[in-house]
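Examining the three-dimensional arrangement
Residues per chain are reported as follows:
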Amino acid sequence: MRPVKLAPSLLAADFAHLADDVARVSDDVEWLHVDAMDGHYVPNLSIGPPVVAALRKATDLYLDCHLMVANPGDLLDMFAEAGADGITVHVEVGDTDSLLDRIAALGCKVGLTLEPATPFAAVEPFLDRIDTFLVMSVKTGFGGQAFIPDVLDKVRAARKIIDARGLRCEIEIDGGVKAHNAGDCAAAGVDVIVAGTAVFGAADPAAAAREIRANAEAARA
Ligand code: DX5
Ligand code: ZN
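Residues numbered from 1 in each chain as written. Chains lettered and ligands numbered in written order. Predicted model: local features only at pLDDT ≥ 70, side-chain atom pairs only at ≥ 80, totals over all residues. Heavy atoms only, no water.

**Side note on the site of ligand 1**
- By nearness alone, 20 residues border ligand 1, and Asp35, Asp174, Gly176, Gly196 and Thr197 come closest of all.
- Taking Asp174, its side chain carries an N or O atom lying 2.6 Å from an oxygen atom of ligand 1.
- When the free accessible area of ligand 1 is taken as 380 Å², the share hidden by the protein chains comes to 100%.
- Of the residues forming the shell around ligand 1, the biggest block, three residues, is contributed by strand β2 (residues 31–37).
- Here the residues of the shell around ligand 1 sort into seven nonpolar, 11 polar and two charged. (Near = heavy atom within 4 Å. Polar contact = N/O pair within 3.5 Å; in protein donor to acceptor, adjacent residues only side chain to side chain. Areas by Shrake-Rupley, 256 points an atom, 1.4 Å probe, with all protein chains shown as cover. Helix = DSSP H or I, 4+ residues; strand = E, 2+ residues; numbered from the N terminus. Nonpolar A, V, L, I, M, F, W, Y, C, P; charged D, E, K, R; others polar.)

See below:
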């Protein structure tokens, strides 16, 4: 089993001091989860390629871009150009085949995600073509929501297929993850943990990240 990776979500960081918040956790995380929202796919508007370009200059951490946008095809080139390492799109927006091909052609890691209400069957056919399967454990749009434990069934199902077929795909969980449920996520088979408010909402974000990692690793032991 691969060691657990942490991907703190910048949506919960201080947007007036993003680079400072990144520096506070850099030694304790592997990825930065960049939540891009367009005000159409979700009723919220966050950050886009210009902020990714600024982050690229400020950190070597893996920039894990989660596109909660209605027309991701219009933005892929700009995110890749800005320095995204991974780009994840929602299966709900359709056009999945060509979106995955285009992300790969841009040289980025290919991610596919689904809402809690969307069945795992919508993503299963693509598991052998993606680098990251992002399982949403909250309805997209906002940080600070409550974790939806039922989605761990999708993690378990994907884990079984990935292990049985030796696929490269990593499973990432996103939404409402805290120190108290990180172990459940890891035990279900998650490789990468997104945590926004649990990390950047903490008095000591680095310590919060370390506690989440410790609980996840302990659950796998
Ligand atoms: C929600 C985003 C999540 C969210 C996670 O639409 O995709 O990444 O920011 O934040 P927490 O960990 O606070 O739920
Ligand atoms: Zn996200």
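**Overview of the environment of Val89**
- Within the fold, Val89 resides in strand β4 (residues 86–90).
- With sequence-adjacent residues up to four places away left out, Val89 is seen in contact with Leu67, Pro72, Leu76, Leu99, Leu100, Ile103, Gly111, Leu112 and Thr113. (Contact = heavy atoms within 4.5 Å.)

**Remarks on the pattern of salt bridges**
- A complete count under the given rule lists 15 salt bridges for this structure.
- Measuring nitrogen to oxygen at the nearest pair gives 3.0 Å for the salt bridge that ties Arg213 to Glu30. Remark: Glu30 occurs in the loop between α1 (18–25) and β2 and Arg213 occurs in helix α8 (residues 205–220); sequence separation between them is 183 residues.
- On the basis of relative accessible area, Glu30 is assigned to the partly exposed category, the value being 28%.
- One continuous salt-bridge network, built from bridges that share partners, spans Arg2, Arg159, Asp163, Asp191 and Arg220. (Salt bridge = Lys/Arg side-chain N within 4 Å of Asp/Glu carboxyl O. Buried < 20%, exposed > 50% of the residue type's maximum accessible area, 1.4 Å probe, protein only.)

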